[in-house]
Amino acid sequence: MQPPRQNVSKDGELTIYGGVTRSMTRRHRNSLPVPDDLAMEIFTRLPSKAMARCRCACKLWSSVLRSQDFTELFLTKSCARPQLLFVREDYSVREIVFITSPQPENPEENSYVVATNHLARFPRSNGFYGCTCTSGFFCYGDNRNLKGLQRPVRVPVISNPSTGQSLTLPRWNSKKKYGVEGYLGYDPIAKEFKVLSMNKSRVSEGWISVEHQVLTLGTKKLSWRLVECCIPHRSSSKWICISGVLYYAASAAGSSENSMVVCFDLRSEEFSSVKFGKAMPDSTTLVNYDGKLGLLMSGDSHDVSGARTSFELWVVRDAVKHEWFNHIYVLPPSWEDVVAAETMCIAGMVGVNEIVLAPWFQRLPYYVIYFNVERKTITKVGIQGLEAFHGGSFHTYLNYVENVKLL
C-alpha cells in the first residue's frame, strides 16, 4: 500500500487519504477531513522557510497562511519558544545576516546550542544604523541612493527575517539627514506595528528632540504624521517595547546624561515620562522584568569586564509617582575567571533570574554568558554553527520570536 498523502478537495477542505487500492471505486473513499484549527496547528509546527513554500503550493494554503488568525496563532506559539538571534554586517558582500539558535533557560555547565537557522540576508547600502527589534520585526536606518538625488539619503527600513521581506519606508519629513532616532513598537491589542521617529535640534539649553512623527504599518498609504510631545528631552538609542508602550532612556533639556525614561503609548499616541532621579551609567540596558520596565546596569562604562563585582537592577514600581525599587546582584568569585580579559556587553535578561552577556567582539569559539542571580552561578554557553564567519562583531538579541506576518 502506498504511504498516506495529503490533498485539497474541490470544496476547499484539507483532506488526508491513503493510497488507492483495488477495492476502492472512488478516489476519496475513506478520506478524513481535517478541521481548519487542526490544519493551522500543523502549519505552526513548520519552519518559517517551509511555510513560505507552502504558501505557493495552492490557493487554499496560501489563504490559510496569510490569514490574521493564523499569523496571531503562530506569533503566540513563537512567544512560548523565544530564541537567541545573532545579527552581523557581512562587509564582504554588503549584507546584513540574521541567524537564530535555541535560547536555553537555566543552562548547565559546558552546554552549547547550535545556530544553524540562517533566517535571511538583507542588502545594505552605504550605512547601517540603530538596528532594533520588536515582535520579530526589525527597524534600522540605511543610507540609500534614491532616484533623482545626488547624495545618499538615510531612510528607515523594516524587515522581517522570518519571511525574508524588507520594506523601505517613506523618507522622514525632515530636512535633516542625520540625528534621526527611530523606534519600532507593537500594540498587542490593536495588533499594529508603529514606528516612532524624532529629530534633534540645538537650542539655547542644548540638544532636544523635535519633529516627533508616527507611521503605522499595514495602511494602504504609508505616511508620517506629526504627534505632539510636551516633554523637553533628548532621546537615546536605549529602548524597549513592553505591552504596547515604547520606553526609551532620555536626558532632560540642558543635560547630557540620561536621567529619565520617556514613555510613548502606541494606542493613544501620547507621551509621558518617569524620572530616574540620577544619571544612568553607560552600561544601562532597558529590560522587561515580568512585564515591568527595568534598568539593568553595571558601572559607568559601556564595557562589562572581569573587574565588575555586581549588577544593579531598577524596576518601575509606580510610573505616575516616579517610584522605583532595586535589586543588587553580587557576582560570585568565578566571574573573573570565566570572563578573563574579555569585554562584555549586557544582552538583557531571560525571565527574572538570568542576566545574559555577550562579548563585544566574538572570537572562536562563540559563546554567551548566563548569570543566574538566584543560584549565584556563572555559566558559559557555547554557540556552534557560526564558525564560517571567523570571528567578528555580532549583535546578540534575546527573546527573539519568529513572526510570519507579511509586509
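Residues numbered from 1 in each chain as written. Predicted model: local features only at pLDDT ≥ 70, side-chain atom pairs only at ≥ 80, totals over all residues. Heavy atoms only, no water.

Peer 1: Mind showing me how you'd approach the pattern of salt bridges here?
Peer 2: Two side chains with opposite charge may pair up if their charged atoms get near one another. If you walk through the whole model with that rule in mind, you get 6 salt bridges. Residue glutamate 41 pairs with arginine 45 through a salt bridge whose shortest N-O separation is 3.2 Å. Classification of arginine 45 as exposed rests on a relative accessible area of 65%. A salt bridge links glutamate 95 to arginine 121, with the nearest nitrogen and oxygen atoms 3.0 Å apart. Of this pair, glutamate 95 sits in strand 5 (residues 95-102) while arginine 121 sits in strand 7 (residues 117-123), and the two are 26 residues apart along the sequence. Residue classification places arginine 121 among the partly exposed positions, given a relative accessible area of 40%. (Salt bridge = Lys/Arg side-chain N within 4 Å of Asp/Glu carboxyl O. Buried < 20%, exposed > 50% of the residue type's maximum accessible area, 1.4 Å probe, protein only. Helix = DSSP H or I, 4+ residues; strand = E, 2+ residues; numbered from the N terminus.)

Peer 1: Please explain the packing of helix 2 (residues 48-55) against helix 3 (residues 59-66) as it appears in this structure.
Peer 2: The N-to-C vectors of helix 2 and helix 3 enclose an angle of 130°; their axes lie 7 Å apart at closest approach. With respect to each other, helix 2 and helix 3 are oriented oblique. Residue-level inspection shows Met51, Cys54 and Arg55 of helix 2 in contact with helix 3, the latter providing Trp61, Ser62, Leu65 and Arg66. Class assignment for the residues of the contact of helix 2 with helix 3 results in 4 nonpolar, 1 polar and 2 charged. (Axes fitted to C-alpha atoms, helices over the stretch in contact; angles between N-to-C directions. Parallel < 35°, antiparallel > 145°, perpendicular 65-115°, else oblique. Contact = heavy atoms within 4.5 Å. Nonpolar A, V, L, I, M, F, W, Y, C, P; charged D, E, K, R; others polar.)

Peer 1: I tried to follow the layout of surface pockets on my own but got confused; where do I start?
Peer 2: Summary: where empty space remains is shown by rolling a probe the size of a single water molecule over the atoms. In this structure, the second largest pocket spans a volume of roughly 290 Å³. If you trace the second largest pocket, you find 19 residues lining it, with Pro47, Arg81, Gln83, Asn117 and Glu402 closest to the centre. Ranked by residue count, the leading element in the lining of the second largest pocket is strand 5, at 3 residues. Considering only residue class, the lining of the second largest pocket consists of 6 nonpolar, 9 polar and 4 charged. (1 Å grid on protein atoms, 1.4 Å probe; cavity = no way out; pocket = protein on both sides within 12 Å on 5 of 7 lines; lining within 4 Å. Points joined across faces, edges and corners; volume = space filled by probe spheres on them.)

Peer 1: Please clarify how the environment of valine 262 should be interpreted in this entry.
Peer 2: If you trace the backbone, valine 262 turns up in strand 18 (residues 260-265). Through-space distance from the C-alpha of valine 262 to that of lysine 275 is 8.6 Å; in sequence the pair is 13 residues apart. Once residues within four sequence positions are removed from consideration, valine 262 is found in contact with His233, Leu246, Tyr247, Tyr248, Ala250, Phe271, Ser272 and Ser273.

Peer 1: What is the right way to read the packing of aromatic side chains from this model?
Peer 2: Both the distance between ring centres and the angle between the ring planes are used here to describe each pair of aromatic rings. Applying the stated rule across the entire model yields 17 aromatic pairs. Both rings, one in phenylalanine 138 and one in tyrosine 397, keep their centres 5.4 Å apart while their planes meet at 85°; by these two values the pair is edge-to-face. Here phenylalanine 138 is found in strand 9 (residues 137-144), whereas its partner tyrosine 397 is found in strand 28 (residues 395-400), with 259 residues between them in sequence. Residue classification places phenylalanine 138 among the buried residues on the basis of a relative accessible area of 0%. A residue is classified by how much of its surface remains accessible, and tyrosine 397, at 18% relative accessible area, is buried. Here the aromatic residues Phe43, Trp61, Phe70 and Phe74 are joined through ring pairs into a cluster of three or more. (Phe/Tyr/Trp six-rings, centres within 6.5 Å; stacked < 30°, edge-to-face > 60°.)

Peer 1: Whenever I open this one, the packing of helix 3 against helix 4 (residues 68-79) confuses me. Can you help?
Peer 2: Geometrically, a packed helix pair is captured by the angle between its two axes and the distance between the axes. It is at 5 Å that the axes of helix 3 and helix 4 come closest, and there the two elements cross at 55°. Judged on the interaxial angle alone, helix 4 and helix 3 are oblique. Here helix 3 contributes Val64, Leu65 and Arg66 to the contact with helix 4, which in turn contributes Gln68, Phe70 and Thr71. Classifying every residue of the contact of helix 3 with helix 4 gives 3 nonpolar, 2 polar and 1 charged.

Peer 1: For this particular structure, what's the right way to read helix 1 (residues 36-44)?
Peer 2: Think of an α-helix as turning once every 3.6 residues; residues three or four places apart then point the same way. Burial in helix 1 covers these residues: Ala39, Met40, Phe43 and Thr44. Along the axis of helix 1, the buried residues cluster in a sector spanning 140°; they form a single face. (Arc of directions from axis to C-beta.)

Peer 1: How should I be thinking about unusual backbone geometry in this particular structure?
Peer 2: Among all residues save glycine, negative phi is the norm, and among peptide bonds the norm is trans. Phi is positive for lysine 191, close to 55°, though the residue is something other than glycine. For lysine 191, the position within the fold is in the loop between strand 12 (181-187) and strand 13 (192-203).

Peer 1: How should the sheet that holds strand 22 (residues 310-318) be read in this particular structure?
Peer 2: Strands belonging to one sheet form pairs held by backbone hydrogen bonds; the direction of such a pair is parallel or antiparallel. With antiparallel pairing, the 4 strands of this open sheet are ordered in space as 20-21-22-23. A strand with exactly one partner marks an edge of an open sheet, and here the two such strands are strand 20 (285-289) and strand 23 (323-330). Across this sheet, the average inter-strand angle for adjacent strands is 30°, counted without regard to direction. Two strands pair when backbone bridges link them, and strand 20 and strand 21 (residues 292-297) are joined in this way by 5 bridges, in the antiparallel orientation. By the bridge assignment for strand 21, valine 287 is matched with glycine 294. (Pairing = 2+ DSSP bridges.)

Peer 1: Looking at this structure, I do not really get the nonpolar core. What am I missing?
Peer 2: Grouped burial of nonpolar side chains is what soluble globular proteins tend to show. One finds Phe311, Trp335, Ile355 and Leu357 to be the most contacted residues of the largest nonpolar core, which totals 21 residues. Looking at this core, the elements that each hand over two or more residues are strand 20, strand 22, helix 5 (334-339), strand 24 (344-350), strand 25 (354-359) and strand 26 (366-372). If we ignore the near neighbours within four places in the chain, the residues touching leucine 357 are Val304, Phe311, Trp335, Met344, Cys345, Ile346, Ala347, Val368 and Ile369. (Core = buried A, V, L, I, M, F, W, Y, C linked by side-chain atoms within 4.5 Å.)

Peer 1: Quick question: what am I supposed to make of helix 3 here?
Peer 2: Within helix 3, burial applies to Trp61, Ser62 and Leu65. Buried residues in helix 3, looked at end-on, bunch into an arc of 100°, giving them a common side.

Peer 1: Hey, could you run me through the sheet that holds strand 5 in this one?
Peer 2: With respect to topology, 4 strands assemble into an open sheet ordered 7-5-4-28, the strand pairing being antiparallel. Each edge of the open sheet carries a strand with a single partner, namely strand 7 and strand 28. Each strand axis lies, on average, 20° off the axis of its neighbour in the sheet, ignoring direction. In this sheet, strand 5 lies alongside strand 4 (residues 83-90) in antiparallel orientation, the contact comprising 8 bridges. The partner of aspartate 90 across the bridge, within strand 5, is glutamate 95.

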